[in-house]
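Structure assessment
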Amino acid sequence: MISLVNITAENIHRFLDDILEIERSSFPSPWSSTAFQQETTRRVSHFWALLADGAFLGYICFRMFSGEIHLMNIAIHPKKRGNGLGRHLLAKMIEAGISEGAETARLEVRPSNIMARFLYKKTGFKETGRSPRYYDDTNEDAIVMSMSLLPNRVSRLETDVICQPNPTGEGAAYTAG
Ligand SMILES: CC(C)(COP(=O)(O)OP(=O)(O)OC[C@H]1O[C@@H](n2cnc3c(N)ncnc32)[C@H](O)[C@@H]1OP(=O)(O)O)[C@@H](O)C(=O)NCCC(=O)NCCS
């Protein structure tokens, strides 16, 4: 049984070790624990944990402001990848954005991150620009990907589970078979 839980300043201590383990195995320049903790204090930030029967599978962090979703971070446990979980997290993010009136979603991705680029394309994002030397560590450009959330543009989106994360951050927010 899959559940999605809001990560807050109050409960992040329960998840931080798992988050950092996945983060460090996923990115050349992982976020610090402080960076994750700061996200829980930002009014515009949404930070969710994906759990299955108590096991921590991954997380997504995005900000919503000025009618736009900005994806900040997403990662799935290396042993759980390729099972549709990343797509599921993105679908839930977009569903939340639409319900809060966001009109666009945007993200940056490394050109070398082929798997993430596949995932974003499958979700409906399109490459809309480049940010030169966006990544300090490798001096790589970022590919900017965007997606309109206006009603006639999201027909390809798969939103198989119609529930929102638990706003209190306690317990299962929904279940998915
Ligand atoms: C990117 C990431 C979140 C994807 O999560 P995931 O749960 O493995 O992805 P999904 O199983 O939902 O796959 C969705 C799509 O991605 C693509 N994909 C997934 N695994 C793939 C693989 N091994 N090879 C090629 N494409 C793949 C496919 O298009 C897939 O759709 P399909 O199953 O209909 O063909 C995951 O690989 C990850 O945590 N990577 C490290 C962190 C990272 O790079 N985050 C993104 C930063 S921009």
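First, a word on what this report is: a plain description of the structure on this page. (Residues numbered from 1 in each chain as written. Predicted model: local features only at pLDDT ≥ 70, side-chain atom pairs only at ≥ 80, totals over all residues.)

Take the site of the ligand next. Close to the ligand lie 18 residues; R81, G86, R87, F118 and L119 are nearest. Only β4 (68-76), α3 (85-99) and α4 (114-123) provide two or more residues apiece to the shell around the ligand. Among the elements that line the shell around the ligand, the one with the most residues is α4, at five residues. For the shell around the ligand, the per-class residue count stands at nine nonpolar, six polar and three charged. (Near = placed C-beta within 6 Å. Helix = DSSP H or I, 4+ residues; strand = E, 2+ residues; numbered from the N terminus. Nonpolar A, V, L, I, M, F, W, Y, C, P; charged D, E, K, R; others polar.)

Looking now at unusual backbone geometry. The general pattern is negative phi for most residues beyond glycine and trans for most peptide bonds. Positive phi, close to 50°, is recorded for R133, a residue that is not glycine. Positionally, R133 belongs in the loop between β6 (126-131) and β7 (142-148). Positive phi, close to 65°, is recorded for N139, a residue that is not glycine. Considering the arrangement of structural elements, one finds N139 in the loop between β6 and β7.

Inspection of the secondary structure assignment puts S29 in the loop between α1 (12-26) and α2 (33-39). On the neighbour-count criterion, S29 (9 C-beta atoms within 10 Å) is exposed. Sequence separation between S29 and T138 is 109 residues; the distance between their C-alpha atoms is 9.5 Å. (Buried ≥ 20, exposed ≤ 12 C-beta atoms within 10 Å, placed from the backbone.)

Let us look at the sheet that holds β4. Spatially, β1-β2-β3-β4-β5-β7-β6 is the arrangement adopted by the seven strands of the open sheet, whose pairing is mixed. The sheet is open, and its two edges are formed by β1 (2-6) and β6, each paired on a single side. The mean inter-strand angle of the sheet, taken between neighbouring strand axes irrespective of direction, is 25°. Pairing of strand β5 (residues 104-109) with β7, which is carried by six bridges, proceeds in the antiparallel orientation. Bridge pairing links L107 to M145 in β7. (Pairing = 2+ DSSP bridges. Axes fitted to C-alpha atoms, helices over the stretch in contact; angles between N-to-C directions.)

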